[in-house]
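Okay, here's what each chain looks like letter by letter:
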Amino acid sequence: MKATETQLLDFLRQSPQFVIPIYQRTYSWTRRECQKLWEDIVRTGSDDAVSAHFVGSIVYIQAGLYQVAQRSQLLVIDGQQRLTTVMLLLEALARRVGEDEPLDEFSAEHIRTYYLLNPLAKAERRFKLLLTQTDKQSLLAILQRKPQSSDLSRRITDNFAFFEERLQDGNTDLTAVCKGLAKLLIVDISLERNHDNPQLIFESMNSTGRELTQADLIRNFVLMGLEPELQRRLYEEYWRPMEVAFGQEAYGTHFDGFMRHYLTVKTGEIPKLRGVYEAFKGFVRTPAMEAEGIEHLVADIRDYAAYYCAMALGKEHDKSLEEAFHDLRELRVDVAYPLLLELYADYAQGTIAAADFVRAVRLIEAYVFRRAVCAIPTNSLNKTFATFGRELHKDRYLESIQAHFLTMPSYRRFPGDSEFKRELCKRDLYNFRSRSYWLRRIENHGRKERVEVAEYTVEHIMPQNESLSADWREALGTDWRHVQETRLHTLGNLTLTGYNAEYSDRPFREKRDMEGGFRESPLRLNASVGAADTWDAAAIQSRAEDLADRAVTVWPAPSLSAPVLETFQQKVAQSPGYTLADHPQLDAGSPMRPLFDDFRMRVLSLNSCVNETILKHYIAYKAETNFVDVVPLRSRLILTLNMKFHELHDPRGIAKDVTNLGRWGNGDVEVAIADVQDLPYVIGLVRQAFERQMGNGESEA
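Residues numbered from 1 in each chain as written. Predicted model: local features only at pLDDT ≥ 70, side-chain atom pairs only at ≥ 80, totals over all residues. Heavy atoms only, no water.

Colleague: What is the right way to read the nonpolar core from this model?
Modeller: One broad trend across soluble globular proteins is that nonpolar side chains are buried collectively. In this structure, Phe-258, Trp-438 and Trp-555 are the most contacted members of the largest nonpolar core, which totals 105 residues. Excluding anything up to four places from it in sequence, Trp-555 contacts Glu-365, Ala-366, Phe-369, Arg-370, Phe-420, Tyr-437, Trp-438, Arg-441 and Ile-442. If you look at the next biggest cluster of nonpolar residues, it comprises 54 residues, including Val-19, Ala-92, Leu-131 and Phe-160. (Core = buried A, V, L, I, M, F, W, Y, C linked by side-chain atoms within 4.5 Å. Buried < 20%, exposed > 50% of the residue type's maximum accessible area, 1.4 Å probe, protein only. Contact = heavy atoms within 4.5 Å.)

Structural data, given as C-alpha cells:
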C-alpha cells in the first residue's frame, strides 16, 4: 500500500479512468450528504484563510504498485460516493459557466477536458468514471447530455438536479464554488493486488459519510476475491437479479433485514442487527458451506430473497397468498420472517400445499393480533419465530404448526377465544396502532366485493366531545360521563363512515336516519347500528359482543382434536412431588429461610408467567424453561443462572463461570448469596437470565 496526500482535482486530472467493480454497492448518497459537501465547498472557497478541505481517501487497486500517472484503469475499493458526487457537481458547474471562466481553467471546456473526460479516447474509455449497472447509464447520460432511460438511477439524477438548483441560485458565488473545489484534498491510496487485502481495507475504511450497510459488506465479501469472469457471472446471474427484485430504494432499506432473517433460518440463531456481516462470515466458513461452494450459496440467497420480496414487498402473484401477506405486513411483525421464509421455501419446493401455506400465514396473523389485543408483551416473539421451525413435522405440516401454537405456554401462548373476545370488547382500539387494519379485516371478511377502507374515516358513534349535548346525556343516562370515559374508544362504539363531518356530534337518531346515515350505510359494520333504537352502554356492549363473535372467525385459533394434539405433545416425566420439607437447609428456624423467602417472593414477582418447581436437589424457577435454580446450603444459597457467562453484566464481579463443571441446576453462571442486603443486586442478575429467556436482550430489534 502507498498513500499520498493530493488535491482532488489534480488526482482526477492525472487519472485515466476509475471503474467501480460490480461487487461494490450502488451510489447511495442522498441530498443530505450533497448538501453537506456543498456547504463545505462554498465555505472553504469563500475564505482565503482556509488553504484546503480534506474530504477523505480514494482507495484503488491495480496490477502493480504505481501511481495514477500510468495509464490504466483503477478499480475503486473505497471512495465511490465522493468521486461520483464531485463528478455530478463538476458537470452541473460546466453547464452553468459555459464559456465563462469564474476562475482560471474553470470554463466548461476545461472542466470536461481535465476532470470528466478523456477527449482522445474512444467508447467508454472516454469517461473518467464508470459506475455499475443503472448508475452507470444514468451518469453517462448526464455527461453526454442525453435523455435518461425509464430505469434511471434516482440518486444520480436527484443529486445532479440538486447541484443544478444550487448553481442556478442567484445568490451563489460561482468563484467561491470553483475555489472550494480547487481546495478539496484527499489521500490517494494505491493497493498492490498480490500483497494487500482489499476486503480488510474495505471493511476498515468507511469514511464516506454514509455507513456501509451489512449488505454492502456481504456482497463484497462474496464477490471481491473471485476471478473476474466468475465474479461477473455470479453477480449477473444471482446478485443483480436480487438488487432488481428489491428495487433501488428497498434494497437499501430491506436487504440488511432480509439477510438477518436468512441467517436466522440457516443457523437457528438471531444475529444482532449490526452483527449480520460477522454472522454471515461465520456461516460461510463452516465446513458444510465450504463444501457446497460459493455459487450454491449465492444461488440460495437469491432464492430466499425472491421469497422475501414476495412476502415483504408485495411481489407475490398468488392472490390468496398476497392478500394474506398484505394483512400480515400491516401488523409490522418483521420477527415472523424467519418462519415465513422457511414456509415459503417449502411451498416453493412443493412440501406444503398453497392452501395450507395460506392457512399457516393466517394463523401467524391471528397469533400476533390476538396477543396485541390481549396486551401480551412482544419481547419473546423474535425467539418464538426463530425457533418455530424446530417443531415442524413436514409430513404433517399444518397440523404441526397448529399443535405448536396450541402448546406454547404462558407468555408465548396463543390466546383462546374467550380471552380474545373479553379483551377485544374492553380494549381501547381507537388508539391501537393498527385500527384501520382491524376495521378493514372485520368489514371485508368473507366478502368478494371488498370495501376500500382508505375511502372511509373512523367514526365514534357516541361522540368524543366532552361537552355532550343534552340529547346524548339523556340517551346515556345519569351515569353518562362514566359511560363516555369507559366506552368511547372501545369496539362497540367505533365504526367506519364517509359522512364523518356530516355526523359531527348529532344525536344518535339523526345520525341513524339522515341521508347517508347508518340505516343507509352499505357497510356490514353499520348494520346493527342502523337497526338500533337508541345508543347507550347496553347497545355499545351488545354490538361489541357481536363484533367480537365475528372477530374469532376473522382471526381463528388453531383447532386440533385431542387425539391428534396428543401425538405432538412431548411426554414429560412427572416430578415425584417434592416440597420445601425435603430441603432441611430451609427449615423454619434455619438462618437461610428468611433470605430464601425474600428471594422467592421477588423472583415470582418478575412476571406472572414465572413458576416454581421444587425438585430433590434444588428449587427451579422457570418461565418456559428454568432461568434460575436455587441450591440451598446451611450458610448460603447457590444460584445457577441459565445463560452464558460472557452474556452476564456483573459490575461487582460476584458471579462465577461454571461452564463444563459439575453442578446442580442449569446454566453456566453461579452466584452465591448469604446476606439479604445483597439481594437487590442479585435479583438484577437473575432478571438478566429471565429477560434473555423471554427474548429480551438476546438480539437487537
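Colleague: Is there a simple way to explain the pattern of salt bridges in this structure?
Modeller: Opposite charge on two side chains allows them to pair when their charged atoms are near. Enumeration over the complete set of coordinates arrives at 46 salt bridges. In this structure, the salt-bridge partner of Glu-229 is Arg-232, at a minimum N-O distance of 2.3 Å. Of the two residues, Glu-229 and Arg-232 both sit in helix H10 (residues 228-246), 3 residues apart, roughly one turn of that helix. (Salt bridge = Lys/Arg side-chain N within 4 Å of Asp/Glu carboxyl O. Helix = DSSP H or I, 4+ residues; strand = E, 2+ residues; numbered from the N terminus.)

Colleague: Just to check I follow, could you spell out the packing of aromatic side chains for this structure?
Modeller: Between two aromatic rings, the relevant description is the distance of the centres plus the angle of the planes. Within the structure shown, the criterion is met by 42 aromatic pairs. Geometrically, the ring pair formed by Phe-246 and Tyr-251 is edge-to-face, given 6.2 Å between the ring centres and 80 degrees between the ring planes. Judged by relative accessible area, Phe-246 falls into the buried class, the value being 4%. Given the relative accessible area of 10%, Tyr-251 is considered buried. Arg-126 extends its terminal NZ or CZ atom over the ring of Phe-127, reaching a point 5.5 Å from the ring centre. (Phe/Tyr/Trp six-rings, centres within 6.5 Å; stacked < 30°, edge-to-face > 60°. Lys NZ or Arg CZ within 6 Å of the ring centre and 35° of its normal.)

Colleague: So what exactly am I meant to see when it comes to the pairing of strand S9 (residues 611-614) here?
Modeller: For a regular strand, side chains alternate in direction, first toward one face of the sheet and then toward the other. Sheet analysis places S9 next to strand S10 (residues 619-622), joined by 4 bridges and oriented antiparallel. Of the residues in S10, the one forming a bridge with Thr-613 is Ala-620. The antiparallel pairing of S9 with S10 creates a hairpin that spans 4 residues between the two strands. (Pairing = 2+ DSSP bridges.)

Colleague: Before we go on, may I ask you to explain the packing of H10 against helix H11 (residues 248-267) in this structure?
Modeller: Two packed helices can be described by the angle between their axes and the distance between those axes. In the contact formed by H10 and H11, the axes pass within 7 Å of each other and the chain directions differ by 110 degrees. The pairing of H10 with H11 is recorded here as roughly perpendicular in orientation. Residues Trp-239, Met-242, Glu-243 and Phe-246 of H10 pack against Gln-248, Ala-250, Tyr-251, His-254, Phe-255 and Phe-258 of H11. Its residues placed into classes, the contact of H10 with H11 shows 7 nonpolar, 2 polar and 1 charged. (Axes fitted to C-alpha atoms, helices over the stretch in contact; angles between N-to-C directions. Parallel < 35°, antiparallel > 145°, perpendicular 65-115°, else oblique. Nonpolar A, V, L, I, M, F, W, Y, C, P; charged D, E, K, R; others polar.)

Colleague: Could you clarify how one ought to interpret the sheet that holds strand S14 (residues 669-673) in this entry?
Modeller: Sheets are built from strands that pair by backbone hydrogen bonding, the pairs being arranged parallel or antiparallel. The sheet built from 6 strands is open, its strands ordered S9-S10-S11-S12-S14-S13 with antiparallel pairing. The open sheet terminates on both sides in strands that have one partner only, identified here as S9 and strand S13 (656-657). In terms of strand pairing, S10 meets strand S11 (residues 626-632) through 4 bridges, oriented antiparallel. Note that in S11 the partner of Lys-622 across the bridge is Asn-626. Sheet strands in contact with helix H29 (residues 592-604) are S9, S10, S11, strand S12 (637-641) and S14, and its direction is about 15 degrees off that of S10. Along the sheet, helix H30 (residues 679-693) contacts S11, S12 and S14; its crossing angle with S11, the most-contacted strand, is approximately 140 degrees.

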